[in-house]
Amino acid sequence: MADDIQNVRNIGISAHIDAGKTTLTERILYYTKRIFAVHEVKGKDGVGAKMDSMDLEKERGITISSAATYCEWKGYKVNIIDTPGHVDFTIEVERALRVLDGSIMVLCAVGGVQSQSITVDRQMNRYKVPRVALINKCDRAGANPYRVVDQLRHRLNHNAVLMQIPIGLEKDFSGVIDLVSMKAIYFEGLFGEEVKPGEIPPPFLDEAVAKREEMLEAAAMFSDELMEAIFSDTVKEALIHEAVRKGTLSRQLTPVFMGSAYKNIGVQPVLDGVMYYLPAPNEVEIAAVDMDRKEKEVTLSSRPDDPLVCLAFKLEVTPYGQLTYLRIYQGAIKKGDDLVNTRTRKKIKVGRLVRMHADEMEDISKARAGDIVGLFGVDCFSGDTFTDGRLNVSMSSMFVPEPVIFLTLSPEDNQSSVKMGKALNRFTREDPTFRSHVDRESGETIISGMGELHLEIYVERMKREFGAAVSTGMPQVAYRETIARRAEFNYTHKKQTGGAGQYGRVAGYLEPSDEGTYEFINQVKGGAIPTEFIPAIDKGFQSCLKKGLLIGFPVTRVKVTVNDGNSHPVDSSERAFVQAAVGAFKQAYFKAGPVIMEPVMKVSVESPSEFQGNVMASLNKRRGLIMSSAEDGVFTTVEAEVPLAEMFGYATPLRSLTQGKAEFTMEFSRYAKVPESIEEELKLKYKDRAKRGTA
Amino acid sequence: MKDFFKVSPLKILEGPAHKGLGKGNLGVLMAGAGLGKTSCLIDIALDRLFRGGKLVHVSLKDPPEKITSYYNVIFSDLVTVLGAENEHEVRDLIERNRIILAYLNESFDLARLRENLNNLANEIDFVPESLIVDGIDFAQAKPELFEGFKRIAEDLQAEAWFSALTHQPLAEADEGGTSVAWNGVDAFFSVIIRLYSTESGVFLKLVKHHDSEQISEAVLRLDPDNFLVIG
């Protein structure tokens, strides 16, 4: 069954938190007979939804770590990645999007397109993911799917086309009318498993006819054949599906479905939509870079008999060892095969190969292009590419944002220290936005990530999954230092204290760089500094960048040009030139107008319109720069750029200012110079810490 | 961005007998469909911003992301054409002095706009010297709407610039370059500028200028890519 790649769909389900993604996934697994009972997110039965496999996720009712699962629908193999809705876990969403070919975008019929939906939509655009939309929760009080369709069109710029209309709304929501077949569809049985087509109820007929015309008009833009069929009144269902599919694959059309996963209404037609409209793996262009040809971009074929290329996109700890999730882009893989890790060039043997079903698994003996599978016993990092050795290619690197927040972590005893080490090793392999290091001077372990909740979740996982008793410091902002202008240096390092002396002179200048964090230019002519000492000078400058002289944070965006110097035939050494570079940096740094940069977040606050003033005032008070305010019905979304340092604990005052009716999201926007008053404050604190020996 | 003023569409208001739109007044840029009203209106907005004033862009149609991206694209084009040594600072100036108020899915009404402007003034001390209003359907708009805008502009002591789709009768009526009868709302506008295209290019023409009966015959030729003056 389903051996043809045309019958494979790799899809994600992504949306705003609480839009009902996990409930939808649970229903899909039930209807595709992968599970035989339905549990709710935060359900009273204490079991929790299938995709929320970590205890913490079940407890908080949010999906943190995307688990892959497999099911079959009408002869199609469907791999589903459930993705987190909170912006702090964006890397999970980004990773899921990287390996997906299409997505179901779940929107709440009451809340509509919320700020997080905009973020996720932007991410999907970045990875060119075609999608179908489901307007969920049509049974809820205040449900207005037509408003959501308008928002899809105007706020997200989608050519949203209704494929269905609801039969009733709120408590009267009882089914959907399929505008392709022009039939009413009802969902009967204990959990809506029996799909019952019927005639369109007369009160909905006119609306259905009008909306079908709109749908046909939109679909006909992608098919001359359909256009002709409309004129000659010979429209066939297959023709509509084909045209809508064409529009969807080109991302110029978004088919919209209606439903209530919780009430078991409208889920199966969405699965049909996945089948009809989302791409098979061979319909998506996948590029890799050829490491043997200066990283030239190559397109992969998705043919099972071509050389193997697959990507490790997620790692998980399981009782059986490390589980690596692989997406196979080209070729095939079977038990006993040898794989080569492109990054390390190490060879590994395929041992246990499994198809994942949330936290359960099914052993398989082979898999091929288009499949998403799990592999045990592979030592690798998330993002590694594997081949069968015939090619030396790497999947293009994923976009990984820099961490913007950090906190100190202290184990409470020796045993916890060991466990904490294991946990950190695991988490940093799993999540490239989560980082950890030991501060050389204070000896403290420092973890950094994308937001308060991001770090909070890892600390909790450390306690629960690894049994590490740890305490944490207050979250702190990851400041950066940089320079504002060019400054010259000419420094001689000279030491004669008995034994071999040390001598090295370096001259040149520091200047701001727009490219990356650090550039080193060697313009030394005539052998003023012997070539063998140049790398030592580079190393010396780089060592200074780790800890700036203003407040001890990393220095970025600096270009160093060395154009002159001097050496001594006996006393010059690598060490001497490292020291000379360090001295030169110190000499020039303060002349180069060093400034402190802070992470600035793009903050979006959605609230009932009467609180617009309060929201603006609260952001302004936090040094926020108000960018816009958009009114939509009774809601207003205020967008601002606010320094991260001012956003800690914002949820509490926002709640009290808006009677708990507002919500906010934020994501990293850019680094910006801190105001002078704050700069002085930070410098004073640094001096104070330095005095106490804790800087 | 000093060079911008030499090529700004608002150059049409320069001249010995002419003055700008003026505080408390309404001005309108009218053009046929697809001619580039929004782009030209954003050039007018940039003119106001580069002169150092605060500005509120009111959109009745597009969401803030789209408006922001219009500004970004148009500003990038300007930098390409005119060059800018201090591009980052100018971008920063635009962002600090512009706020977008969008009213989606027919959420707009004057009372709401007034309340939003009051919030800007009272809560974040942002009082605009210019309003840019895009997306009003002039064919449907009632005089009361512009009366309300006029009052807002007077209260704020701000200039308010609108864009309007030219309707056929209007296009015919203003051939002679005189003031036009326009649903009875032209009286609210102190300045009316018309953007039009012919086989030889895109042009800007002053149709109404305060109470002046003698309007300059000058027509400015615009670059169709960026709506900057080229002749």
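Residues numbered from 1 in each chain as written. Chains lettered and ligands numbered in written order. Predicted model: local features only at pLDDT ≥ 70, side-chain atom pairs only at ≥ 80, totals over all residues.

With that out of the way, let us pick up the overall build of chain A. Within chain A, the secondary structure is distributed over 16 helices and 38 strands. In chain A, which comprises 695 residues, the proportion classed as buried is 49%. For chain A, long-range pairs separated by at least 24 residues make up 71% of all intrachain contacts whose partners lie at least 6 apart in sequence. (Helix = DSSP H or I, 4+ residues; strand = E, 2+ residues; numbered from the N terminus. Buried ≥ 20, exposed ≤ 12 C-beta atoms within 10 Å, placed from the backbone. Contact = placed C-beta atoms within 7 Å.)

This part covers the interface of chain A and chain B. A common way to state how big an interface is: give the accessible area lost once the parts meet. On the side of chain B, 18 residues touch chain A, which itself brings 19 residues to the contact. Those elements giving two or more residues to the side of chain A that touches chain B turn out to be helix 5 (145-154), helix 14 (612-621) and strand 36 (625-632) of chain A. With eight residues, the single largest contributor to the side of chain A that touches chain B is strand 36 of chain A. Here strand 36 of chain A runs beside strand 3 (residues 98-104) of chain B; their pairing, made up of five bridges, is parallel. Bridged to A630 of chain A within strand 3 of chain B is A102 of chain B. (Pairing = 2+ DSSP bridges.)

Next up on the list: the sheet that holds strand 34 (residues 558-566) of chain A. Strands belonging to one sheet form pairs held by backbone hydrogen bonds; the direction of such a pair is parallel or antiparallel. Residue and element names in this part refer to chain A. The mixed open sheet is built from four strands, whose spatial order is 31-32-34-33. Both edges of this open sheet fall to strand 31 (487-495) and strand 33 (518-522), since each of them pairs with a single strand only. With direction set aside, neighbouring strand axes in the sheet form an average angle of 25°. (Axes fitted to C-alpha atoms, helices over the stretch in contact; angles between N-to-C directions.)

Residues and elements named next belong to chain A. With antiparallel pairing, four strands are arranged side by side in an open sheet as 7-8-9-10. This sheet does not close on itself; its edge strands, each paired only once, are strand 7 (164-167) and strand 10 (194-198). Shown here is a sheet whose adjacent strand axes are inclined to one another by a mean of 30°, direction ignored. Bridge count between strand 9 (residues 183-188) and strand 10: five bridges; the pairing is antiparallel. Bridging across to strand 10, F187 finds its partner in V195. Docked against the sheet, helix 6 (residues 202-220) engages strand 7 and strand 8 (175-178), running at close to 165° with respect to strand 7.

All names here are of chain B. For strand 1 (residues 26-31), the tally of buried residues reaches six of six residues, placing the bulk of the element in the interior. Taking every second residue as pointing to the same face, both faces of strand 1 are buried, with L26, V28 and M30 on one and G27, L29 and A31 on the other. Here six bridges tie strand 1 to strand 6 (residues 189-198), and the two strands are oriented parallel to one another. Paired with A31 across the bridge in strand 6 is L195. Where strand 1 lies against strand 5 (residues 159-165), six bridges are found, and the strand directions are parallel. Looking across to strand 5, one finds that L26 is bridged to A160.

Okay, the confidence of the model for chain B next. All names here are of chain B. Put simply, chain B has an average pLDDT of 84, and 87% of its residues get 70 or more. Across chain B, element-level confidence peaks in strand 2 (residues 55-59) with a mean pLDDT of 97 and bottoms out in helix 7 (residues 168-173) with 46. For residues 168-181, every residue scores under 50 in pLDDT, and the model assigns this stretch 17 contacts once sequence neighbours within four places are set aside. At the level of chain-chain contacts, confidence expressed as ipTM amounts to 0.91, with global pTM at 0.68. (pLDDT = per-residue confidence, 0-100.)

I104, L107, A133, I135, A219, V256 and C310 of chain A are the most contacted members of the largest nonpolar core, which totals 110 residues. Among the elements that take part in this core, helix 9 (residues 267-277) of chain A stands out by supplying six residues, more than any other. In this structure, this core is formed jointly by two domains, domain 1 (5-283) and domain 2 (287-395) of chain A, each of which donates at least three residues. Discounting residues that sit within four places of it in the chain, V256 of chain A has contacts with A133, I135, V149, A160, V161, L162 and M163 of chain A. Among the nonpolar cores identified, the runner-up in size contains 98 residues, and L424 of chain A together with L46, A158 and L195 of chain B belong to it. (Core = buried A, V, L, I, M, F, W, Y, C linked by C-beta atoms within 7 Å. Domains from an automatic or database assignment.)

Moving on: the confidence of the model for chain A. Taken residue by residue, chain A gives an average pLDDT of 87. The fraction at 70 or more is 90%. The low-confidence segment residues 56-66 of chain A (pLDDT under 50) makes 37 contacts with residues lying over four places distant or belonging to another chain.

Turning our attention to the pairing of strand 8 (residues 219-222) of chain B. Residues and elements named next belong to chain B. Covered by surrounding structure in strand 8 are L220 and L222 only, the residues V219 and R221 on the alternate face being uncovered. Sheet analysis places strand 7 (residues 201-209) next to strand 8, joined by four bridges and oriented antiparallel. Of the residues in strand 8, the one forming a bridge with F203 is R221.

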